[in-house]
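A structural walkthrough
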Amino acid sequence: MNTKTVFAVAATFGSLASFAMLDDASASKAAREVLARMTLEEKVLLTGGSGTMTLSAIPRVGIDKEWTMSDNSSTVRPQMNRWDWGYTKPRSANTKLPSLSALASTWDPEMARLHGEVLGAEMRDRGVDELLGPGVNIARTPLNGRNWEYLGEDPCLAAKMCVPMIRGVQSYDVAATVKHFCLNDQEWNRTKVDTHCDLRTLHEIYLPAFRAAVQEAEVLCVMTSYNKVDGIWASENKYLQTGILRDQWGFKGLLETDWGGQHSDSFSANNGGGIEMDRGDAIKHHFNPKNGKYPLLESVKAGRVSEATVDEMALHVLYVMAKTGFLTGAPRRAGERNTKKHQEIARRIGEESVVLAKNDKGVLPLDAKSVRKILVVGKNAANKQCHKGCSGEGNVPYEVTFVDGLKARLGDGVEIVLKPIPKEAAKKASKKELEDVERAGGHVEANAASEGADKGALDELKALALASDATIVFTGTELGYDGNMESEGRDRQNMLADPGEDESIAAILSWNAKNTVVISRAGTPVGYTWTDSAPTMLMSSYLGMEEGSALARVVFGDVNPSGKLCQTWPKRYEDTGVAQLGTYNGKEVVYNERFYVGYRWFDKKDIEPMFPFGHGLSYTKFDVSLSGVKGAKDGGWTVSAKVTNTGKVAGREVVQMYVAYPDAKVERCVKELRGFAKTKLLAPGESETVSIPLSVRDLAYFDELDHRFVTDAGRYEILVGTSSRAVRGRATVEVGAESRF
Ligand code: BGC
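Structural notes, computed from the coordinates. (Residues numbered from 1 in each chain as written. Predicted model: local features only at pLDDT ≥ 70, side-chain atom pairs only at ≥ 80, totals over all residues. Heavy atoms only, no water.)

1. Focus: the overall build of the protein
Each helix and strand in the protein was counted, giving 20 helices and 27 strands. For 741 residues, the compact-globule estimate of 2.2 N^0.38 gives 27 Å, and the protein sits close to it at 26 Å. Its C-alpha atoms give the protein principal-axis dimensions of roughly 80 × 65 × 50 Å. Here the protein, with 741 residues, has 64% of them falling under the buried criterion. Considering only contacts in the protein between residues 6 or more positions apart, those separated by 24 or more positions represent 76%. For the protein, the exposed area adds up to about 26,000 Å²; of that, 50% sits on carbon and sulfur atoms. Both charge centroids of the protein, one from 93 positive and one from 98 negative side chains, sit 2 Å from each other. (Helix = DSSP H or I, 4+ residues; strand = E, 2+ residues; numbered from the N terminus. Rg over C-alpha atoms; globule rule 2.2 N^0.38 Å. Buried < 20%, exposed > 50% of the residue type's maximum accessible area, 1.4 Å probe, protein only. Contact = heavy atoms within 4.5 Å. Areas by Shrake-Rupley, 256 points an atom, 1.4 Å probe, with all protein chains shown as cover. Lys, Arg positive; Asp, Glu negative; His and termini not counted. Charge placed at Lys NZ, Arg CZ, Asp CG, Glu CD.)

2. Describing helix α13 (residues 340-353)
The terminal C-alpha atoms of α13 lie 20 Å apart, and with 14 residues this matches the ideal 20 Å at 1.5 Å per residue to within 8%. What α13 keeps buried is the set His342, Gln343, Ile345, Ala346, Ile349, Gly350, Glu351, Glu352 and Ser353. The secondary structure elements touched by the buried residues of α13 are α4 (100-106), α5 (109-126), β11 (355-359), β16 (536-540), α18 (547-555) and β21 (672-678). (Expected span 1.5 Å × (residues − 1).)

3. Quick notes on the site of the ligand
Around the ligand lies a shell of 14 residues, among which Asp71, Arg146, His180, Asp258 and Glu488 are the nearest. At a separation of 2.7 Å, an oxygen atom of the ligand approaches a polar side-chain atom of His180. Contact between the ligand and Arg190: an oxygen atom at 2.9 Å from a side-chain N or O atom of the residue. For the ligand, whose accessible area on its own is 310 Å², the fraction buried by protein is 96%. By residue class, the composition of the shell around the ligand is five nonpolar, two polar and seven charged. (Near = heavy atom within 4 Å. Polar contact = N/O pair within 3.5 Å; in protein donor to acceptor, adjacent residues only side chain to side chain. Nonpolar A, V, L, I, M, F, W, Y, C, P; charged D, E, K, R; others polar.)

4. What about the pattern of salt bridges?
Evaluation of the coordinates by the stated rule reveals 49 salt bridges. Note that Arg146 is salt-bridged to Glu488, the shortest N-O span being 3.4 Å. One end of the pair, Arg146, is in the loop between β4 (130-132) and α6 (155-170); the other, Glu488, is in the loop between β14 (470-476) and α17 (501-510), and 342 residues separate them in sequence. As far as burial versus exposure is concerned, Arg146 and Glu488 are alike and both buried. (Salt bridge = Lys/Arg side-chain N within 4 Å of Asp/Glu carboxyl O.)

5. Remarks on unusual backbone geometry
Going from Asp71 to Asn72, the amide bond is cis rather than trans, its omega being 15°. Topologically, Asn72 is positioned in the loop between β3 (67-71) and α4. The omega angle of the peptide bond from Lys179 to His180 is -5°, so this bond is cis rather than trans. Structurally, His180 can be placed in strand β5 (residues 175-181). The backbone of Asp230 shows a phi angle near 50°, a positive value even though the residue is not glycine. Positive phi values are uncommon outside glycine, yet Asp606 reaches one of about 55°. Here Asp606 is to be found in the loop between α20 (599-605) and β18 (622-631). Judged by its relative accessible area of 66%, Asp606 falls in the exposed class.

6. Quick look at the packing of helix α2 (residues 24-35) against helix α12 (residues 307-323)
Between α2 and α12, the shortest axis-to-axis distance is 8 Å and the interhelical angle comes to 125°. Considered as vectors, α2 and α12 are oriented oblique to each other. You can see that α2 and α12 cross each other, and the crossing is right-handed. Of α12, the residues touching α2 (which contributes Asp24, Ala27, Ser28, Ala30, Ala31, Arg32, Val34 and Leu35) are Asp311, Ala314, Leu315, Leu318, Tyr319, Ala322 and Lys323. Across the contact of α2 with α12, the residue classes tally to ten nonpolar, one polar and four charged. (Axes fitted to C-alpha atoms, helices over the stretch in contact; angles between N-to-C directions. Parallel < 35°, antiparallel > 145°, perpendicular 65-115°, else oblique. Left-handed = near helix turned anticlockwise from the far one by under 90°.)

7. With respect to the environment of Lys373
Locating Lys373 in the fold gives a position in strand β12 (residues 373-377). Taking C-alpha positions, Lys373 is 7.0 Å from Ala470, a pair spaced 97 residues apart along the chain. Beyond its immediate sequence surroundings of up to four residues, Lys373 is in contact with Val414, Glu415, Val417, Leu464, Ala467, Ser468, Asp469 and Ala470.

8. What to know about the sheet that holds strand β9 (residues 232-233)
Strands sit in the order β9-β8-β6-β17 across an open sheet of four strands; the sheet is mixed. Since the sheet does not close on itself, it has two edges, and those belong to β9 and β17 (588-590), each with one partner. When strand β6 (residues 194-196) meets β17, the two strands line up parallel, connected through three bridges. If you follow Asp194 over to β17, its bridge partner there is Glu588. (Pairing = 2+ DSSP bridges.)

9. Some words on the sheet that holds strand β15 (residues 516-521)
Within a sheet, each strand pairs with its neighbour through backbone hydrogen bonds, oriented either parallel or antiparallel. Pairing in this open sheet of six strands is mixed, and the strands run β11-β16-β15-β14-β12-β13 from one edge to the other. Of all the strands in the sheet, just β11 and β13 (415-419) have a single pairing partner and so form its edges. Averaged over all adjacent pairs, the angle separating strand axes in this sheet is 20°, with direction ignored. As defined by bridge partners, β12 adjoins β14 across four bridges and the pair is classed as parallel. Looking at β14, one finds that Val376 is bridged to Ile472.

10. Brief notes about helix α14 (residues 402-410)
Turning to α14, its buried residues number three or more, namely Phe402, Val403, Gly405, Leu406 and Leu410. Down the axis of α14, the sector holding all buried residues measures 160°, keeping them to one side. Where α14 is buried, its residues touch β12, β13, β14, β15 and α18. Downstream of α14 by one or two residues, Gly411 has phi in the positive range, about 80°. (Arc of directions from axis to C-beta.)

11. A look at the pairing of β14
The two faces of a sheet get side chains in turn, since along a regular strand they alternate between them. Across the seven residues of β14, seven count as buried, placing the element largely inside the fold. Burial along β14 is two-sided: Ala470, Ile472, Phe474 and Gly476 and Thr471, Val473 and Thr475, pointing in opposite directions, are all buried. Sheet analysis places β14 next to β15, joined by six bridges and oriented parallel. Within β15, the position partnered with Val473 by the bridge is Val518. Between the parallel pair β14 and β15, the chain is carried across by α17, and the sense of this crossover is right-handed. (Right-handed = clockwise from strand over helix to strand, strands pointing away.)

12. Looking at the packing of α6 against helix α8 (residues 208-215)
Remark: α6 packs on α8, axes separated minimally by 8 Å, with the N-to-C direction vectors making an angle of 25°. The angle between the axes of α6 and α8 places the two elements in the roughly parallel class. Note that α6 runs across α8; the crossing there is right-handed. Where α6 approaches α8, its residues Pro155, Ala158, Ala159, Cys162, Val163 and Ile166 are matched on the opposing element by Pro208, Ala209, Ala212 and Ala213.

What follows is the structure, given as structure tokens:
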């Protein structure tokens, strides 16, 4: 079938979401027609990369060009060279949106949809067919080097945010890839570590976002993780790949290994394994595009793998190619790149994600008109981040740092003085230190001893602070490989700020200088020691190329913050379940804390966190009350909450719905998030009643013996609030009979 005939097929079947997306039956038919005309060699060709980020063109059967992939979850990373990790020249530039930890902090599925649409549009403009994102691994430990790339600690939040994002990407006739499937919740020795997690925890905590991606968003691609699961590489694990992903969830799309995560040809293929991806010249198990050897083909010839298995693998690839219009030649939705609109969306998502953690004295927002001199303490306020983060990095047309954002917001008449936080120990790692980290599989305990703040530098800062109209301390983490930065391939060394920083910040706070504000910018919790004495604090994750504009607009009240934390901020690492149970290491990790992850652990142990999951204040005040619970036709309910803005400025509030289990027959958490809704922008005095659906399935736990979810008969308590620790209303619903799912 040539391109034109295939397009005729597509046109007959019609399109759904956009121009090219075919329904399942039509896509499968188109894929099967092409498969029927392929030789065994050609099918094997499709089961591995033809280069670092491509799959082979096979013009003989109408695949006229290579299928092109690109990282990541917040930008379309520049294209990679065929044989190595370098970028092709000229390096392309794309919009960089906030990281997924920021997106999750918006608690706004509409932001997720826009986020996805920007990526989809930029992919189409660049000619990229598959995005290697979103990442939906769970923030099990604050030390995970990639928490900034994921959607937080709660499976319900992650699921509800990844679905619209994936739909947004795929609405542009391209594929999204949900990754890393699964139990890749640390970077320490990620390519070798063996993880063990009981089935109930796996299904209740670590799989829901993947399941939602497959079943609700119809994600077209899934990437396996590097680690082992119960002694078997995730990329060869039949229970996960065939049992859950294909058979239980009905996934029809393309399964691929993480780059270099393939360990065999026949074992993997016979256990539901996906296609092999790696740096172009390192692909070796299925087909090596550089030396032209076909190990998988040899295995078929030797009878170790059946041709039917290879057919299935190739069919999954062709199915995705057909769905997106790549195979059929159907017109695909046109994209655009680096537009004003995309840059505004980047800024807006950032603004919506910023969390007002404390505003005890009403210092924020600052009044731009009364500020003539600002002291900014912390070099990260002027330090660009968009080009950092390994596969999470981008190449941007510009990047607005916080200092840039302040300058643009305040204009020339305002003096901005930038000083480092005294005694910052962000030293460059020596070659030897980096090698040590490598040997330890990406983890070395840092010596956290601090000599305290440098007295001379603090005296200078004090004089500057007292002579300024505002002092803004910019603390947190950086992306990268030095010291205690956040990055792929290694975890943070500890949960601490750099040595000396906490002492300096405590000193700055003690001066009571006019309008002192602390901004924490980090993708994962940091165990600051001074928060009790900080009356004014904003928290932000990595916000991409418009970070500075977004933060400046929040600081000066152009935007009223409405973000909520997507991770519990522990006071100290020792308070976390992973630390207390000693289940974190680089070899054999047992998820002993079970489903008590994040706030579930802090609730169970009654530990007070620094800031609870879901926390976030506003420049206005809201009255939130539970206004009704109505039974729905399908046996579920609709929970309504009335939100009234009782303050003086317009703002948005997030209503969070948790469920508790007074009649629990099995061990259950104190409470669990099961839904949420963000209001529109409410003017002072204005009210909105938001509705949150709650299904019978939302009440279920996973029954390991039956291998199904079950909701027992009995009473369930609904808690409605504005954080996991700020409950504003309660109601009880009753389930008459047990249901299984
Ligand atoms: C990362 C993936 C990424 C892939 C391709 C791996 O090292 O774990 O998230 O998509 O590289 O760059």
